[in-house]
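This is what each chain is made of:
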Amino acid sequence: MRLQFESKNASWAIWALAAACLSGAVLYGYHDHFWHSRDDGYFAHTADRLLNGEVLHRDIQTPHPGIIHFLHAFSFWLFGADLHALRIFPALATWLQAGVAFYLMRDRGPLAAFAAALAFSAAAFPLFPSPTQHWTCLFLVVILMAVLVEWPGHGWLKLVLLGAICGATIGLRQPSGVFVAMAVSLICFSQAEEASDARDGGLARWFLGRFVMLCFAGILGFYVFTNFDPLSALLFGCTPFVLLLRAAVSLRADNRNVLHMTAFLCAGAILPLSAIAVYHLSHGSLHAWYANSVESALLLNSLDYVGANSYADHLMRAPIAGIMAGTPSSILAGILWPTLLLAAPIVGFLLIWCKEFGQLASKEQTLLTLLVFYILVAGHHPSRVYFFFVLAPILFGLLVVVRPRFQQATSLLVVFIAGSVLYLHGAQPFERGLYGDLIGLRIPTRTPLALERGHLQVSSLEAEQHQKMVRLIQSNSAPSDPILALPGNADFHFLAQRPNPLPAVMPVYSLHDRASLSDAIERLRRSPPKVVIHAPLLPYNTIWTNKVMAHVECDYDRIGKIDGFVVYLLTRPDPFLEGSKCRGEAREGQSVLP
């Protein structure tokens, strides 16, 4: 018996070591082999300005509540102001979440645990190695899973911790945090259900929990209806909505328990958000925090580029494109896209089915409920990147929902999918385009960016482009001269080390009406940028960014064009004044470029 026990422990140790080593090797190999210049620049420029003493949301306008920016500023303080520094914490968090996933699946066998670890490492951060807040949110969701299933009971400390993690997720990305908070509330209320009894008072006793679930269903339904295209709503929005409606009509949690849980969950959620509030109170920026992270953030979905994409291409065109390309990798990519997209609603359907007929244990119900709510993230902006943010939860959901007799086959399938997706899409640049995404076209990302603050490896095209741009900016401006990048390339501010004359890190996010335009023009008049960089072909351009460019085209001389960027140099006195002859030509925000 002792030999058998020791043999079993040795086997588990080997599997755990293999998972840790393989996950670590993948993360080390991919963490610095890609960048999304606008995203990396946005986060780096914000953190750089924070470290230089500017106040978030008062001096720096961003649509995010702030936790991610303070984390990035800490990374710069710890490791130095370099783009590579922003990759360290996400890569480490991904490695840790793979370990947690391995532990959560230990009762399904070592192969399932290994597959879970690989799903949360190879099929996560390496697909889009970026300091985006989404990877930190995913890490918190994995921690939530562990707390929910490994900490028994509903003591106040557990509830406060759950609320604090939800609050921190909201502080990272508002919609993701709200989705997670809905899921945690549904899970906690469902676990506190009481059996119906003739003497229990009936509906009146269960009213509060059902009312909360009905309110959540209304909020979620409105969000999905106003922000998702029909296909995304069908793929990702149906299951959470049905679960909330089901709870609104059948939940039997006592009002007292619901009130008790809600109080402690809210108390926990307030903790991380109150820390941000104290920061803003001490700097006189509380109203600006609300205006940027609530009012302005709600306007982001009105930008034209947000609704320009759809998963229809990945669902229907990918198989044909893969077959037409004719290579084994393209055919595999063409098969994987519709398979993985359809896996999300299939997991949701199986969850609802099993809940209805009592075929899932409490642990599995808890994990799947949290996952299907988090998968809503993919519907916000239909693209390969947003789908990659939720791919690991989808694969993990397949491992959880499958019956024991299919566990080994499913585990092998998940390992194969994670490895295939990593090979086809890991650290791939945007230059390969939609068609390249559909067929899994691989572009090498091994060229050093070779800039003072940019120790990353990217595609040769991106490296050459940004080296030329940074040299052009630095040769035509002094270190104290401000520059302007429209519609939003804060990477040039960070890499060329030139100040930003606007509070807006990404002008396109802050220019949304006449008042914001007038404020921006006034600031540019007081502190005119020496160099202006414009990307006229980007879909991020709006009527308001074009109105700013109408001033630039009047008062600046074009000095060069590098790939998709047009560069202007200030040569006239007193720019951005009203009354210039060409103002009327751009009254409606149309570009006057020839």
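Colleague: How should I be thinking about the overall build of the protein in this particular structure?
Modeller: Within the protein one finds 23 helices and six strands. Taking 25 Å as the expected radius of gyration for a compact globule of 594 residues, we find that the protein reaches 25 Å, a close match to that expectation. Dimensions of the protein along its principal axes, counting C-alpha atoms only, are 85 × 55 × 45 Å. Scored against the burial criterion, the 594 residues of the protein give a buried share of 57%. Long-range contacts, defined here as pairs at least 24 residues apart, represent 73% of the contacts in the protein between residues at least 6 apart. When the accessible area of the protein is evaluated, it comes to approximately 24,600 Å², of which 65% is carbon and sulfur surface. The positive charge centre, built from 41 side chains, and the negative charge centre, built from 39, are 5 Å apart in the protein.

Colleague: Can you help me understand the side chain of Thr-62 in this one?
Modeller: Tracing the backbone shows Thr-62 in the loop between helix 2 (37-51) and helix 3 (67-79). By relative accessible area, which is 3% here, Thr-62 ends up buried. At 3.4 Å, the side chain of Thr-62 and the backbone oxygen of His-64 are in polar contact. Filtering out sequence-adjacent residues up to four positions away, Thr-62 remains in contact with Tyr-42, Thr-46, Leu-56, His-57, His-69, Asn-292, Ser-293 and Val-505.

Colleague: Honestly, the nonpolar core in this entry has me stumped. Any pointers?
Modeller: Proteins that are soluble and globular tend to have nonpolar side chains buried together. Membership of the largest hydrophobic core comes to 173 residues, with the highest contact counts inside it found for Met-213, Leu-370, Phe-373, Phe-387 and Phe-396. Look past the residues within four positions of Met-213 in its chain and what remains in contact with it is Ser-185, Leu-186, Phe-189, Leu-244, Ala-247, Ala-248 and Leu-251. Leu-484, Leu-511, Leu-524 and Phe-576 belong to the second largest nonpolar core, which has 18 residues in total.

Colleague: It is not clear to me how the sheet that holds strand 6 (residues 565-570) should be interpreted in this structure. Could you clarify?
Modeller: Backbone-to-backbone hydrogen bonds pair the strands of a sheet. The strands run either parallel or antiparallel. An order of 3-4-6-5 is seen for the four strands of this open sheet, with the pairing classed as mixed. Two strands in the sheet have a free side with no partner beyond their single neighbour: strand 3 (483-486) and strand 5 (556-562). Averaged over all neighbouring strand pairs, the angle between strand axes comes to 20 degrees, with direction disregarded. Relative to strand 6, strand 5 is paired through six bridges, and the arrangement is antiparallel. In the strand pairing of strand 6, Arg-558 is matched with Tyr-568.

Calculation rules
- Here the residue index of a chain counts from 1 through its sequence in written order.
- For this predicted model, a pLDDT threshold of at least 70 governs which residues receive local features, and a threshold of 80 or more governs which side-chain atom pairs are given and counted, while totals over whole chains, interfaces and linings are taken from all residues.
- Think of the side-chain values as coming from all heavy atoms in the structure, minus any hydrogens and water.
- A run of H or I in DSSP counts as a helix once it spans at least four residues, and a run of E counts as a strand once it spans at least two, with each numbered from the N terminus.
- A radius of gyration in this sense is built from C-alpha atoms; the matching globule rule multiplies 2.2 Å by the number of residues raised to 0.38.
- Partly exposed residues are those whose accessible area sits between 20% and 50% of the maximum for their type, while under 20% is buried and over 50% is exposed, using a 1.4 Å probe and protein chains only.
- The criterion used for residue contact is that any of the two residues' heavy atoms lie within 4.5 Å.
- A 1.4 Å probe and the Shrake-Rupley method give the accessible areas. Residues count as covered only by the protein chains that appear here.
- His is not counted, nor are the chain ends, whereas Lys and Arg count as positive and Asp and Glu as negative.
- We put the charge of a Lys on NZ, of an Arg on CZ, of an Asp on CG and of a Glu on CD.
- Definition of a polar contact: a pair of N or O atoms within 3.5 Å, with one able to donate and the other able to accept a hydrogen when the atoms are protein atoms, and with sequence-neighbouring residues admitted only if both atoms are side-chain atoms.
- What is meant by a nonpolar core is a set of buried Ala, Val, Leu, Ile, Met, Phe, Trp, Tyr and Cys residues, joined one to another through side-chain atoms within 4.5 Å.
- By the convention used here, strands pair only if DSSP detects at least 2 bridges between them.
- In this description, a line fitted to the C-alpha atoms serves as the axis of each element, helices being fitted only across the stretch in contact, and the angle between N-to-C directions of two axes falls anywhere from 0 to 180 degrees.

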